[in-house]
Amino acid sequence: AAGAFAAVLSAISVVVENFENLSRFAAGIERIDTLAHALLDAPGAPSDTPRIRSADAPNLALEHLTLHTPGYERVLVRELSLRLVPGQGLLIVGDSGCGKTSLARAIAGLWRAGSGTIHRPPADELVFLPQQPYMQPGSLRSQLLYPHNNGFTLPDARLLELLERVNLPDLAGRFGGLDAEQDWEKVLSVGEQQRLAFARVLLTRPRYAILDE
């Protein structure tokens with residue numbers, strides 16, 4: 001009995017000790033699945049069902065947008081029309097699961113199940129900040145300069161000023177300078193990662209920024 005108990009306890013402990021890694025793995029698989037649906041038509045979509053159209057435009061606008069889940073199981077948004085110009089703010093609120101993040105994915109072009117038209121400015125004028133920011137491997141400097149890492153640089157004083165503006169004044173000193181390399185997803189809290197993502201927005205200065213929570 002003691003041996004059986006020890007074996008069961010050991011087996012269950014594997015799940016408990018690796019729960020965080022399993023959660024990250026599941027989230028990664030979900031993102032890959034979303035990308036696959038963006039590149040290919042959703043497997044469950046009827047062949048004669050219209051898809052959401054995209055059009056280049058100077059400002060962001062939605063025209064008679066109806067948004068479904070990728071497999072067309074349910075309607076998330078119906079006949080939504082709006083137009084935003086730089087300088088305007090729009091707050092989207094609602095219960096969990098009502099489709100707020102899904103709408104952001106549709107605006108980004110990741111979800112196309114539905115009908116209507118999304119008018120979007122050029123990609124370099126539109127920035128999306130997910131609830132869990134992307135932290136790339138590399139130095140603190142590269143985190144701030146992302147996605148402009150190919151030869152793009154700024155003086156250290158400018159980067160340190162950005163960190164101060166997002167309430168991370170001691171971040172560089174805590175880890176050994178701007179060129180220190182860490183596993184940033186593990187050494188920074190989610191709040192610190194979000195503020196680091198805000199610094200990227202202040203650096204990039206896009207015409208539109210879409211923030212998910």
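This text gives an overview of the structure that appears in the document.

Procedures and definitions
- Within each chain, residues carry numbers counting from 1 in the order of the written sequence.
- For this predicted model, a pLDDT threshold of at least 70 governs which residues receive local features, and a threshold of 80 or more governs which side-chain atom pairs are given and counted, while totals over whole chains, interfaces and linings are taken from all residues.
- With hydrogens and water stripped out, all remaining heavy atoms of the structure feed into the side-chain values.
- Here a strand is any run of E in DSSP of at least two residues, a helix any run of H or I of at least four, and the numbering for each starts at the N terminus.
- For the radius of gyration, the atom set is restricted to C-alpha positions; the globular benchmark scales as 2.2 Å times the number of residues to the power 0.38.
- Between buried and exposed lies partly exposed: a residue is buried under 20% and exposed over 50% of the maximum accessible area for its type, with that area taken using a 1.4 Å probe on protein chains only.
- Any two residues whose heavy atoms approach within 4.5 Å are treated as being in contact.
- Note on areas: Shrake-Rupley, 1.4 Å probe, and residue coverage restricted to the protein chains presented here.
- Counted charges follow a simple rule, with Lys and Arg positive, Asp and Glu negative, and His plus the chain ends left uncounted.
- By convention, the point assigned to a charge is CZ for Arg, NZ for Lys, CD for Glu and CG for Asp.
- Multiplying 1.5 Å by the residue count of a helix minus one yields the expected span of that helix.
- Put plainly, a pocket is an open set of points on a 1 Å grid over the protein atoms alone with protein on both sides within 12 Å along at least five of seven lines, a cavity is a set where a 1.4 Å probe fits but cannot get out, and a lining residue has an atom within 4 Å of a point.
- Grid points are joined across faces, edges and corners, and a volume is the space filled by probe spheres set on the points.
- Classification convention: Asp, Glu, Lys, Arg as charged; Ala, Val, Leu, Ile, Met, Phe, Trp, Tyr, Cys, Pro as nonpolar; all other residues, Gly among them, as polar.
- We call a set of buried Ala, Val, Leu, Ile, Met, Phe, Trp, Tyr and Cys residues a nonpolar core when their side-chain atoms join them within 4.5 Å.
- Every case where a carboxyl oxygen of Asp or Glu lies within 4 Å of a side-chain nitrogen of Lys or Arg is listed as a salt bridge.

So, on to the overall build of the protein. A tally of regular secondary structure across the protein gives eight helices and eight strands. Taking 2.2 N^0.38 as the reference for a compact globule, 213 residues should give roughly 17 Å; the C-alpha atoms of the protein span a radius of gyration of 21 Å, well beyond that estimate. Expressed as a percentage of its 213 residues, the buried residues of the protein come to 35%. Residue pairs in contact within the protein that sit at least 24 positions apart in sequence constitute 66% of those at least 6 positions apart. A total of about 13100 Å² of accessible surface is found on the protein, and carbon and sulfur atoms cover 57% of it. With 20 positive and 24 negative side-chain charges, the protein shows a spacing of 4 Å between the two charge centroids.

Right, let's get into helix H8 (residues 190-204). Between its first and last C-alpha, H8 extends 21 Å over 15 residues, near the 21 Å set by a 1.5 Å rise per residue. All of the buried residues in H8 are Glu192, Gln193, Leu196, Ala197, Ala199, Arg200, Val201 and Leu203. Contacts made by the buried residues of H8 are with strand S5 (126-129), helix H4 (140-145), helix H5 (156-165), helix H6 (171-175), helix H7 (184-187) and strand S8 (208-211). Downstream of H8 by one or two residues, Arg205 has phi in the positive range, about 50°.

One simple way to see leftover space: roll a probe sized like a water molecule over the atoms. Scanning the model with the defined rule gives one cavity of 30 Å³ or more in all. Considering only enclosed or pocket space, the largest cavity measures out at about 50 Å³ in volume. Lining the largest cavity are ten residues, and of these Arg51, Pro70, Trp111, Arg112 and Ala113 sit closest to its centre. Counted by class, the lining of the largest cavity contains five nonpolar, three polar and two charged residues.

Next up on the list: the nonpolar core. Grouped together as the largest cluster of nonpolar side chains are 20 residues, with contacts concentrated most on Leu140, Leu144, Leu159, Leu163, Leu171, Leu178 and Leu196. Secondary structure elements with two or more residues in this core: H4, H5, H6 and H8. Not counting chain neighbours up to four residues away, the residues in contact with Leu178 comprise Ser139, Leu140, Arg141, Leu144, Asp156, Leu159, Leu160, Leu163 and Ala172. Counting 17 residues, the second largest nonpolar core, distinct from the first, contains Leu76, Ile107, Ile118 and Ile210.

Okay, the pattern of salt bridges next. Evaluation of the coordinates by the stated rule reveals eight salt bridges. As a salt-bridge pair, Asp156 and Arg141 come within 2.8 Å of each other at their nearest N and O atoms. With a gap of 15 residues between them, Asp156 in helix H5 and Arg141 in helix H4 connect regions that are remote in the sequence. Residue Asp156 is classed as partly exposed on the basis of its relative accessible area of 39%. Residue Arg141 pairs with Asp179 through a salt bridge whose shortest N-O separation is 2.9 Å. Of this pair, Arg141 sits in helix H4 while Asp179 sits in the loop between H6 and strand S7 (181-182); the two residues are 38 residues apart in sequence, bridging distant segments of the chain. Classification of Arg141 by relative accessible area gives buried; the value is 15%. Residue Asp179 is classed as exposed on the basis of its relative accessible area of 53%. One salt-bridge network, held together by shared partners, links Glu20, Arg24 and Glu185.

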